[in-house]
Amino acid sequence: MNYQYQRGCECGNIDSLEVSKIEAAFELNYLEFIKSECSKCGEKKMSFGSVNSPEIDRELLTIWSENVDYLFCPQDEELTLAQYNENLELYLEFIDNEKIDFGKKSVLIESLCIMIYDRANKTDKKDLDTKNRIASELKSRENLVLLSEHYIMEYIKKVSFPIIGIEFKESLSSKLDNEIHKDYLESTIKESIQNRNSKNNFWTKIKNIWK
Ligand SMILES: [Zn+2]
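Just so you know, these numbers come straight off a predicted model, no measurement behind them.

Basis of the calculations
- Residues numbered from 1 in each chain as written.
- Predicted model: local features only at pLDDT ≥ 70, side-chain atom pairs only at ≥ 80, totals over all residues.
- Heavy atoms only, no water.
- Donors = N, O, S within 2.8 Å, 3.2 Å for Na, K, Ca; no water.
- Tetrahedral: all angles 85-135°; square planar, octahedral: opposite > 155°, others 65-115°.
- Helix = DSSP H or I, 4+ residues; strand = E, 2+ residues; numbered from the N terminus.
- Buried < 20%, exposed > 50% of the residue type's maximum accessible area, 1.4 Å probe, protein only.
- Axes fitted to C-alpha atoms, helices over the stretch in contact; angles between N-to-C directions.
- Left-handed = near helix turned anticlockwise from the far one by under 90°.
- Contact = heavy atoms within 4.5 Å.
- Nonpolar A, V, L, I, M, F, W, Y, C, P; charged D, E, K, R; others polar.
- Pairing = 2+ DSSP bridges.
- pLDDT = per-residue confidence, 0-100.
- Core = buried A, V, L, I, M, F, W, Y, C linked by side-chain atoms within 4.5 Å.

**Looking at the coordination of the zinc ion**
Looking at the zinc ion, the protein donor atoms are Cys-9 (SG), Cys-11 (SG), Cys-38 (SG) and Cys-41 (SG), and they sit 2.3 to 2.4 Å from it. Taken together, the four donor atoms surrounding the zinc ion define angles of 104 to 115° at the centre, an arrangement classified as tetrahedral. Each donor residue of the zinc ion lies on the same chain, and together they follow the pattern C-x1-C-x26-C-x2-C.

**Focus: unusual backbone geometry**
Positioned with a positive phi, Asn-29 is a non-glycine residue whose angle comes to about 60°. Topologically, Asn-29 is positioned in the loop between helix H1 (21-26) and helix H2 (30-35). Accessibility expressed as a relative area gives 49% for Asn-29, which makes it partly exposed. Positive phi is not limited to glycine here, since Cys-73 has a value of about 45°. Locating Cys-73 in the fold gives a position in the loop between helix H3 (58-66) and helix H4 (77-82).

**Overview of the packing of helix H6 (residues 102-118) against helix H7 (residues 125-139)**
Where H6 meets H7, the closest approach of the two axes is 9 Å, and the angle between their N-to-C directions is 145°. Pair H6 / H7 crosses with left-handed handedness. Contacts from Ile-109, Leu-112, Cys-113, Met-115 and Ile-116 of H6 reach H7 at Lys-131, Ile-134, Ala-135 and Leu-138. Across the contact of H6 with H7, the residue classes break down as eight nonpolar, no polar and one charged.

**Observations concerning the sheet that holds strand E3 (residues 48-51)**
The sheet built from three strands is open, its strands ordered E2-E1-E3 with antiparallel pairing. The sheet is open, and its two edges are formed by strand E2 (14-19) and E3, each paired on a single side. Along the sheet, successive strands turn relative to each other by an average axial angle of 15°, direction set aside. Pairing between strand E1 (residues 3-8) and E2: six bridges, direction antiparallel. Paired with Gln-6 across the bridge in E2 is Ser-16.

**Some remarks on the confidence of the model for the chain**
For the chain, per-residue confidence averages 86 on the pLDDT scale, and 81% of positions sit at 70 or higher. pLDDT under 50 marks residues 195-211. Its contacts with residues more than four places away, or in other chains, come to zero contacts.

**Things to note about the nonpolar core**
Leu-61, Phe-72, Leu-81, Tyr-91, Leu-112 and Leu-138 are the most contacted members of the largest nonpolar core, which totals 35 residues. Secondary structure elements with two or more residues in this core: H1, H3, H4, helix H5 (88-96), H6, H7 and helix H9 (154-164). Per-element tally for this core: the top contributor is H6, with eight residues. Setting aside residues no more than four positions away along its own chain, Leu-138 makes contact with Ile-109, Leu-112, Cys-113, Ile-116, Val-145 and Ile-164.

Structure below.
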């Protein structure tokens, strides 16, 4: 299979760059490519950029585990890893390998929690089996899951931890986030009421002057 980066321009031109499987998997030099000028009109702003990413396999996972800077689909790494539920055994093997960097293991653990989250409300046998299987594998690695806890997104933990059989404790930071959000909402509401009142006052004053 051929891998390539594409960069579209408003003028209709599409520039392509052939890349290797490894470059495509980790989007190496991708930003440089999409930030370059259109080969037809010289415009620097692109209208779209795309990568055809390879499937995550043992080869890529090995390279990924050995390079802290390499990320699968940088914005959504855990979500990307979670799309490959057929890789469950492979991920477990890496999670259990003592030589693997702990940060990388945490990413894999989070991706397994996402697989559970995605199936939380599914009722067909295949999804139920997958969900229960992952849950029991994570339960047997409870210590590792707890060590990775702060890497895992709060809403994912809230749903997946009870299914795994691990107590979900709302973290202090999330409580703070909620408080800040609540305060923010309340102050925004107050402010808009004040604005409305002061506008009313303003118009009342003008009306008074005109009278
Ligand atoms: Zn152009």
